[in-house]
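What follows is the residue order along each chain.
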Amino acid sequence: MTGSYPNTRLRRTRSTTWSRALHRETQLTSADLIWPLFVTDGEGVEEPIASLPGVSRWSVDGVVARAREAVELGIPVVALFPNTQADKRSDDGAEAHNPDNLMCQAIRAIKQACGDDLGVLTDVALDPYTSHGQDGLIDDGGYVVNDETVAVLVDQALNQAEAGADIVAPSDMMDGRVHAIRMALEMGGHHNVQIMSYAAKYASAFYGPFRDAVGSGGLLKGDKKSYQMDPANGDEAMREIEFDIAEGADSVMVKPGLAYLDIIYRARQAFDVPIFAYQVSGEYALIEAGAAVGVGDRDALMMEKLLAFKRAGCAGILTYHAPVAARLLNG
């Protein structure tokens, strides 16, 4: 205890705008934001996503325009997710290895337009490419097999790195995939390609709109509980994060974000690597839906939740609100 009333009045430093700014413990800037973008086929295409109000799928030219906007707003990284057409999906997700797939087209176009002014983060998992909607290969019983999937994910990560990806982000939750990808990147000469591992990705009910956006929701057979984490477990998340750091991850992610702030805080206390959170599609959609029916001011709800991630210890946040938040932060 540092004092007592009236010698100490904790409201003194909260009494004016300038004083609140001076004593603010947590700072959020546009440089803390990563903007997820959905890529689709065609040219001049914008497809609004009904379950994600204000978010669209864009053809490559539209994604490039969003990338240029990110640079102007001071957002340092965009994260790409493809909506692969049904005729290019297969049980083995072979389109993930196509050097001219949607992801690779978008990577090359963004890097050509923005160069080193903008980082490109790419998702490494098979669910945007499989006909069954799972993140990996399945056996005859429908079980997602681990080691065979890892081999395919390595090829996918290399394909993205060769197209120009700056950060590959394995989101599949297979055991051992970070080490395998790191070794392949090193052997392939991609020494400066970062790995941001989805180290603690939970089997969450908040992913529905995202699966709509990438076209895997209606295809998913079964669930993902055999590889994504049980929401009841926290100690297990620390083990997952520790493993991925040891295997070569440059940064790690907790997904979803808001329901797992305790995991973010624990990870920040335990590990000296950048911790990121994904404010996932369901979290975003709830803010938009709540604001639409008068629960609260949308901008205030948005900013309060983004600050919560930073206060818990995040180095940055993946959020669909990135451009809106950046405009507010930039005044």
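Residues numbered from 1 in each chain as written. Predicted model: local features only at pLDDT ≥ 70, side-chain atom pairs only at ≥ 80, totals over all residues. Heavy atoms only, no water.

A. Representation of the packing of helix α7 (residues 235–247) against helix α8 (residues 261–270) within the structure. Look at α7 against α8: their axes get within 10 Å of each other, and the N-to-C directions meet at 50°. Relative to α8, the element α7 lies oblique. The hand of the α7/α8 crossing is right-handed. Facing D235, A237, M238 and I241 of α7, the residues of α8 in contact are I263, R266 and A267. (Axes fitted to C-alpha atoms, helices over the stretch in contact; angles between N-to-C directions. Helix = DSSP H or I, 4+ residues; strand = E, 2+ residues; numbered from the N terminus. Parallel < 35°, antiparallel > 145°, perpendicular 65-115°, else oblique. Left-handed = near helix turned anticlockwise from the far one by under 90°. Contact = heavy atoms within 4.5 Å.)

B. Quick peek at unusual backbone geometry. Of the consecutive residues Y5 and P6, the connecting peptide bond is found in the cis state with omega at 5°. Position of P6 relative to the elements: it lies in the segment before α1 (17–22). P256 follows K255 through a cis peptide bond whose omega is -5°. Mapped onto the fold, P256 is located in the loop between β8 (251–255) and α8. Its identity is not glycine, yet M173 carries a phi of approximately 70°, on the positive side. Tracing the sequence through the fold places M173 in the loop between β6 (167–170) and α5 (177–187).

C. Here's a closer look at the pattern of salt bridges. Summed over the entire model, instances satisfying the criterion amount to 15 salt bridges. Close ionic contact of E47 with R57 constitutes a salt bridge, the shortest N to O distance being 3.3 Å. Here E47 is found in strand β2 (residues 46–48), whereas its partner R57 is found in strand β3 (residues 56–58), with 10 residues between them in sequence. On the accessibility criterion, E47 (28% relative accessible area) is partly exposed. Its relative accessible area of 14% is what places R57 among the buried residues. The salt bridge involving D166 is made with K111; its shortest N-O contact spans 2.8 Å. Residue D166 is located in the loop between α4 (146–163) and β6, and its partner K111 is located in helix α3 (residues 102–114); the two are separated by 55 residues in the primary sequence. In this structure K111 comes out as buried when scored by relative accessible area, which is 17%. (Salt bridge = Lys/Arg side-chain N within 4 Å of Asp/Glu carboxyl O. Buried < 20%, exposed > 50% of the residue type's maximum accessible area, 1.4 Å probe, protein only.)

D. Here's a closer look at the pairing of strand β9 (residues 275–279). Counting buried residues along β9, 5 of its 5 residues qualify, which places the element largely inside the surrounding structure. Where burial is concerned, the two faces of β9 agree: the one with I275, A277 and Q279 and the one with F276 and Y278 are both buried. Sheet analysis places β8 next to β9, joined by 3 bridges and oriented parallel. By the bridge assignment for β9, V252 is matched with I275. Following the chain from β8 across α8 to the adjacent parallel β9, one finds a crossover that is right-handed. Of the strand pairs in this sheet, β9 and strand β10 (residues 316–319) are connected by 4 bridges, and their pairing is parallel. By the bridge assignment for β10, A277 is matched with I317. (Pairing = 2+ DSSP bridges. Right-handed = clockwise from strand over helix to strand, strands pointing away.)

E. Region of the structure containing the packing of aromatic side chains. For the structure on display, the rule yields 9 aromatic pairs. When the ring of F38 is compared with that of Y320, the centres are 5.9 Å apart and the planes differ by 15°; the resulting orientation is stacked. Placement of the pair is F38 in strand β1 (residues 33–39) and Y320 in the loop between β10 and α11 (322–329), with a sequence separation of 282 residues. A relative accessible area of 1% places F38 in the buried class. Aromatic side chains Y202 and Y260 sit 4.1 Å apart centroid to centroid with 15° between the ring planes, which places their arrangement in the stacked category. (Phe/Tyr/Trp six-rings, centres within 6.5 Å; stacked < 30°, edge-to-face > 60°.)

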